Amino acid sequence: MVLAELGGSISRALQQMSNATIIDEKVLNDCLNEITRALLQSDVQFKLVRDMQSNIKKIVNLDDLAAGHNKRKIIQQAIFTELCKMLDPGKPSFTPKKSKPSVVMFVGLQGSGKTTTCTKYAFYHQKKGWKPALVCADTFRAGAFDQLKQNATKAKIPFYGSYMESDPVKIAVEGVERFKKENCDLIIVDTSGRHKQEAALFEEMRQVSEATKPDLVIFVMDSSIGQAAFDQAQAFKQSVAVGAVIVTKMDGHAKGGGALSAVAATKSPVIFIGTGEHMDEFETFDVKPFVSRLLG
Ligand code: GDP
């Protein structure tokens, strides 16, 4: 179920509840079951959905609500709050400060959109007057450096990498040192991915992270990953200190649930979403407006 459909299903469930003459236990349960079904179809992890359902039931205790209380409004508000809670880990991510050098490391599986997203992130900040730079520490995928170089050149962003060096840690350290000397305030390190969550990938990530001491590690996730999102995100979080999530390919037939699951697994907020292949198809992400839109 794609995001728009998820929103539609939830809205319909709320509408049906609103149409009922009396809001009793059955009407509430029907509404919650409908929402649960929609969330599960959107690949939100089962445990999250179950927790949400029981939290809403705790908030909306029909027996305790005296007549005259607007039950519909209270239920709608509880659903809104719980959906927001799923997407909001409760603490903001580290936010780089302009003119103060920050190192931001990107991690994610191959094909997730990591390299594209690194450039989008750099470009977004460059437009706001930052001095970003890109370091290609992906020595695993042939062509990774060329891709980053091409993107960086197009966006006129300084970059660093090597065709010869095979040690990603060495390249990452050299790149970060160089751009610190050049007074760049946002040094972005693109790391290598693999098709699967392999031990070698996580070891390499750990080493690059230890050597470059990033201020922020961003986990990049393809929104179409579905039910695998929770485990994948958790595996990355266990290896490096993921502090934020960027969900890519939200323009496609993405199941939105993956994003919710990634937030829960990493306890980190989604900070941006990718909405296309182009450099400027990149949006900041805020929970409340997103959920409001989702609910129509
Ligand atoms: P990496 O292997 O993780 O570095 O992935 P890439 O950056 O090479 O991206 C893989 C593919 O996904 C490329 O064809 C990108 O153009 C595409 N891509 C990345 N982000 C988005 C997005 O937000 N929307 C769409 N439609 N495609 C994207």
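Residues numbered from 1 in each chain as written. Predicted model: local features only at pLDDT ≥ 70, side-chain atom pairs only at ≥ 80, totals over all residues. Heavy atoms only, no water.

A.B. asks: I would appreciate a short explanation of the layout of surface pockets in the present structure.
C.D. replies: It is the rolling of a water-molecule-sized probe over the atoms that shows where space remains empty. What the largest pocket holds in volume is close to 440 Å³. In terms of lining, the largest pocket is formed by 23 residues, of which the most central are Ser93, Thr95, Val270, Ile271 and Phe285. Mapped by element, the contributors of at least two residues to the lining of the largest pocket are helix H4 (71-87), helix H5 (114-127), strand E7 (270-274) and helix H11 (287-294). When the residues that make up the lining of the largest pocket are grouped by side-chain class, the tally is 15 nonpolar, four polar and four charged. In this structure, the second largest pocket encloses a volume near 300 Å³. As for the second largest pocket, its lining consists of 15 residues, and the residues nearest its centre are Leu48, Asp51, Lys85, Met86 and Ala264. Secondary structure elements with two or more residues in the lining of the second largest pocket: helix H3 (46-59), H4 and helix H10 (257-266). Top contributing element to the lining of the second largest pocket by residue count: H3, with five residues. (1 Å grid on protein atoms, 1.4 Å probe; cavity = no way out; pocket = protein on both sides within 12 Å on 5 of 7 lines; lining within 4 Å. Points joined across faces, edges and corners; volume = space filled by probe spheres on them. Helix = DSSP H or I, 4+ residues; strand = E, 2+ residues; numbered from the N terminus. Nonpolar A, V, L, I, M, F, W, Y, C, P; charged D, E, K, R; others polar.)

A.B. asks: Looking at this model, I keep getting lost on the packing of helix H2 (residues 25-41) against H4. Mind explaining?
C.D. replies: Packed helices, taken two at a time, are described by their axes: the angle between them and the distance between them. For the pair H2 and H4, the least separation of the axes is 12 Å and the interaxial angle reads 25°. Between H2 and H4, the crossing angle belongs to the class labelled roughly parallel. Pair H2 / H4 crosses with right-handed handedness. Contacts from Leu28, Cys31, Leu32, Ile35 and Leu39 of H2 reach H4 at Ile75, Ile79 and Leu83. Partitioning the contact of H2 with H4 into residue classes produces eight nonpolar, no polar and no charged. (Axes fitted to C-alpha atoms, helices over the stretch in contact; angles between N-to-C directions. Parallel < 35°, antiparallel > 145°, perpendicular 65-115°, else oblique. Left-handed = near helix turned anticlockwise from the far one by under 90°. Contact = heavy atoms within 4.5 Å.)

A.B. asks: Whenever I open this one, empty space enclosed by the protein confuses me. Can you help?
C.D. replies: One pass over the structure, following the stated rule, counts two cavities of 30 Å³ or more. Taken together, Leu32, Ile35, Thr36, Leu39, Val49, Met52, Gln53 and Ile56 make up the full set of residues lining the second largest cavity. If you list the elements that add at least two residues to the lining of the second largest cavity, you get H2 and H3. Per-class residue counts for the lining of the second largest cavity are six nonpolar, two polar and no charged.

A.B. asks: Would you take a moment to explain the pattern of salt bridges for this structure?
C.D. replies: In a structure, side chains of opposite charge can pair up when their charged atoms sit close to one another. For the structure shown, the criterion picks out 12 salt bridges. Glutamate 82 serves as the salt-bridge partner of lysine 85, at 3.1 Å between the closest nitrogen and oxygen. With lysine 85 and glutamate 82 both in helix H4 and three residues apart, the pair spans about one turn of that helix. Relative accessible area serves as the criterion here: at 48%, lysine 85 is assigned to the partly exposed category. For glutamate 82, a relative accessible area of 4% translates into the label buried. Lysine 170 is paired through a salt bridge with glutamate 174; the nearest N and O atoms lie 3.2 Å apart. Within this pair, lysine 170 and its partner glutamate 174 are both found in helix H7 (residues 168-181), separated by four residues, close to a single helical turn. We classify glutamate 174 as partly exposed; its relative accessible area is 30%. Shared partners join several salt bridges into a network, and the residues in it are Glu165, Lys170 and Glu174. (Salt bridge = Lys/Arg side-chain N within 4 Å of Asp/Glu carboxyl O. Buried < 20%, exposed > 50% of the residue type's maximum accessible area, 1.4 Å probe, protein only.)

Spatial relationships are all this shows, so hold off on functional conclusions.
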